[in-house]
Amino acid sequence: MWGNDSKHIRDRAFFSPLDLHFARFMEELNGGPSREINLAAALASRSTREGNVCVDLASLSEEFIREGGKRCPNFKDWSDTLIKSQVVGRPGDFKPLILDETGRLYLYRYWDYERKLVEGIVDRAVKGEDKPSALLGRRLNNSFPGGEKGETDLQKVATFVALTRKFCVISGGPGTGKTHTMAGLLPMAVELFGGKGFRIALAAPTGKAAARMQKSMADLMGHYAARGSSAEFSEAVISAIPKQASTIHRLLGAAPGSPYFLYNSANKLSIDMLIIDEASMVDLALMSKLIQALPSHARFVLLGDRNQLASVEAGAVLGDICYGMDLTGLSEELTSSYEITTGDRFLNTDLKSQRFGITEKITGLRDCMIELEKNYRFGAASSIAALSLAVKEGRGEDAIAALKSARSEGPLDWMPVPENKAFKDAIRSLVRDAWPSYLRCEDPVEMLRYFDEFRILCAVRKGPQGVEKVNALVEEILWEDRLIDSGGLWYSGRPILVTGNDYSLRLYNGDLGIAFSGGEGRGELKVFFASAEGGVRSISPHRLPSHETAFATTVHKSQGSEFNKVLLILPERDSPVLTRELVYTGLTRGRKRVVLWAEEEIVRTAISRRIERASGLRDALWGIGS
């Protein structure tokens, strides 16, 4: 992805037929051939396919594009020509392409998505704080009795922010307590804001993430059921906590084959609070449509990890929204309000470091965001935690040191990518150790559970260390060990990952199923998927939407999932997809053990490279460059 990095345009800017058709269409609308319009339109179209929201024409001034030997015009001349055309306008104009004052060129719909998302966030953020009540203070102190000595309990602060502001982001890596925080704030929200009449919706970008969210709700209900009459909340409050979670598409009322939703700016959702999990996976278009469908009074809470990979589609929305967390600290007004409400001292002085010149708008946004830092899954001496932190912070040499100190039988193991036959032998060793138990299961529920114990994650799809090659190798190994039947594409035990949406079947991109013949199917092979209620449901293979074998998946596809053991494979050759965020996301999928196959120099290079997606969202929210 070339993003803002112009050297990638020189190396890789190949336009698709769609890009070229769009470019010719723009010329026709403008009344005739125009090199400037043709090139700008093709670049804008390609940019969105590469994950960008716009293309920065100013950074391409006089750059050479190999495709067809094209050189970009001087930016001033280029922009003058574009603005005088019939198809390019300034922000606020209704034209197919929008060129802003900084040189960003958007397809109109992406400029509109960005504008409406900014308006929805800022409107909620600048409304300021709801006055905290004494009841809120008591509930916070009961649910979060105290942090470590010398530290403020940031889960408690996050809950305070979520319950006193209309917009809240709670960021943190796996094991930092985002789910626990959500479970704590839900009954408080019901009690504080109206009991059964307070409507809360829970949603996530994929079916699997929604199922995990729903399981957390089932665990919460089990906790209160076990407490019985001694529970701190009344039965009326507990009964009003939402039990179901859905995908965002289902929440909005998606129509098959249509980009439009039943709920939108003209037909708002009937809810008072919306909590979205795995928010880093939500692209610009979907996040914009979501906030447009929210009533103006509704609270909006995002849970996610801002350091993870961005969405597959255009935008790096959570990262852009959270940019200001590195810009400044929390305001004195917020920390003082927290101290008065809870009686706790706010001890994390680094979070109170407000910088000079910060505007009221930035202060309002920053006070809506909390990052959970303490990891409850890994101890202070955990090698996985140390490596993940070094990668997240871009400390390449510390990451290499952590890898070199890893022990082969410990929670973290590292080796260079095995070569040729040794690659298959090394895969065979891990597969034989991890997967025979799931393949011998006689129950699809157990089969799904055992399969999720281990996963192979690849950075790329193609090539000797890519998903396609590794999946073929695993199938070959399992056939040689007589654990699967190689008689055709379908066999009992074949794991599949859904790669499209089918709303009638309630199957969504990212859902994982396993083919199984027996049990409910009475010998007929069906594909079983975990249901939100804790059981399974089966579907004929012939009815499935687009899908692929999933012994190995890309790191991107693994977002929203965690496994006890992970093998992360980076290719031997460098690629633009190898970034700090990809390595961090892959490492943090492992709960107990992570095995990394990668060359030392590839690891070092990947950690030094950040995802850069062209967008105006960061600037519009935080005033960068303005």
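Within each chain, residues carry numbers counting from 1 in the order of the written sequence. Selection of residues for local features in this predicted model requires a pLDDT of at least 70, selection of side-chain atom pairs for listing and counting requires 80 or more, and totals for whole chains, interfaces and linings are taken over all residues. Values reported for side chains reflect all heavy atoms of the structure, with hydrogen atoms and water molecules removed beforehand.

Moving on: the environment of His249. Runs of E in the DSSP output that reach at least two residues are strands. Runs of H or I that reach at least four are helices, and both are numbered from the N terminus. Within the fold, His249 resides in helix H11 (residues 248-252). Counting along the chain gives 12 residues from His249 to Phe261, while the straight-line C-alpha distance between them is 8.0 Å. Sequence-distant contacts of His249, that is, excluding residues within four places in its chain, are made with Ala254, Phe261, Leu286, Asn501 and Tyr503. By the convention used here, residues are in contact when the closest approach between their heavy atoms is within 4.5 Å.

With that settled, the discussion passes to the nonpolar core. Here the nonpolar core consists of buried residues drawn from Ala, Val, Leu, Ile, Met, Phe, Trp, Tyr and Cys, with membership extended through side-chain atoms lying within 4.5 Å. Relative accessibility thresholds used throughout: buried, under 20% of the residue-type maximum; exposed, over 50%; partly exposed, between the two (1.4 Å probe, protein chains only). Judged by nonpolar contacts, the single largest core of 76 residues is most densely connected at Phe300, Leu302 and Ile321. By residue number, the principal contributor to this core is helix H5 (residues 108-125), which donates 8 residues. Where each domain starts and ends follows an automatic or database-derived domain assignment. Residue contributions to this core reach at least three from each of two domains, namely domain 1 (17-107) and domain 2 (130-376). Excluding its chain neighbours within four sequence positions, the residues that come into contact with Ile321 are Ile121, Phe167, Val169, Leu302, Met369, Leu617, Leu621 and Trp622.

Here we take up the pairing of strand S8 (residues 200-204). Among the 5 residues in S8, 5 count as buried, and that is most of the element. Along S8, one buried face is formed by Ile200, Leu202 and Ala204 and the opposite face, lined by Ala201 and Ala203, is buried too. Across 4 bridges, S8 lies against strand S10 (residues 273-276) in parallel orientation. Of the residues in S10, the one forming a bridge with Ala201 is Leu274. Pairing of S8 with strand S9 (residues 246-247), which is carried by 2 bridges, proceeds in the parallel orientation. Paired with Ala203 across the strands is Ser246, a residue of S9. A pair of strands counts as paired when DSSP detects no fewer than two bridges linking them.

pLDDT measures how confident the predictor is about each residue, on a scale from 0 to 100. On average, residues of the chain carry a pLDDT of 85, and 90% of them reach 70 or more. This stretch, residues 1-13, has a pLDDT under 50; its non-local contacts, to residues over four places away or in other chains, come to 36 contacts.

Once that is clear, we can look at the pattern of salt bridges. Just to be clear on terms, a salt bridge is a Lys or Arg side-chain nitrogen sitting within 4 Å of an Asp or Glu carboxyl oxygen. Tallied over the full model, the rule gives 38 salt bridges. Residue Asp19 pairs with Arg49 through a salt bridge whose shortest N-O separation is 2.4 Å. Here Arg49 lies in helix H3 (residues 35-49) and Asp19 lies in helix H2 (residues 17-30), a separation of 30 residues in the sequence. Its relative accessible area of 0% is what places Asp19 among the buried residues. Its relative accessible area of 39% is what places Arg49 among the partly exposed residues. Put simply, Arg449 and Glu446 hold a salt bridge, and the shortest N to O gap is 2.7 Å. Pair noted here: Arg449 and Glu446 are both in helix H20 (residues 444-451), with a separation of 3 residues, about one helical turn. The class for Arg449 is partly exposed, based on a relative accessible area of 42%. Linked by salt bridges that have partners in common, Glu397, Lys404, Glu600, Glu601 and Arg604 make up one network.

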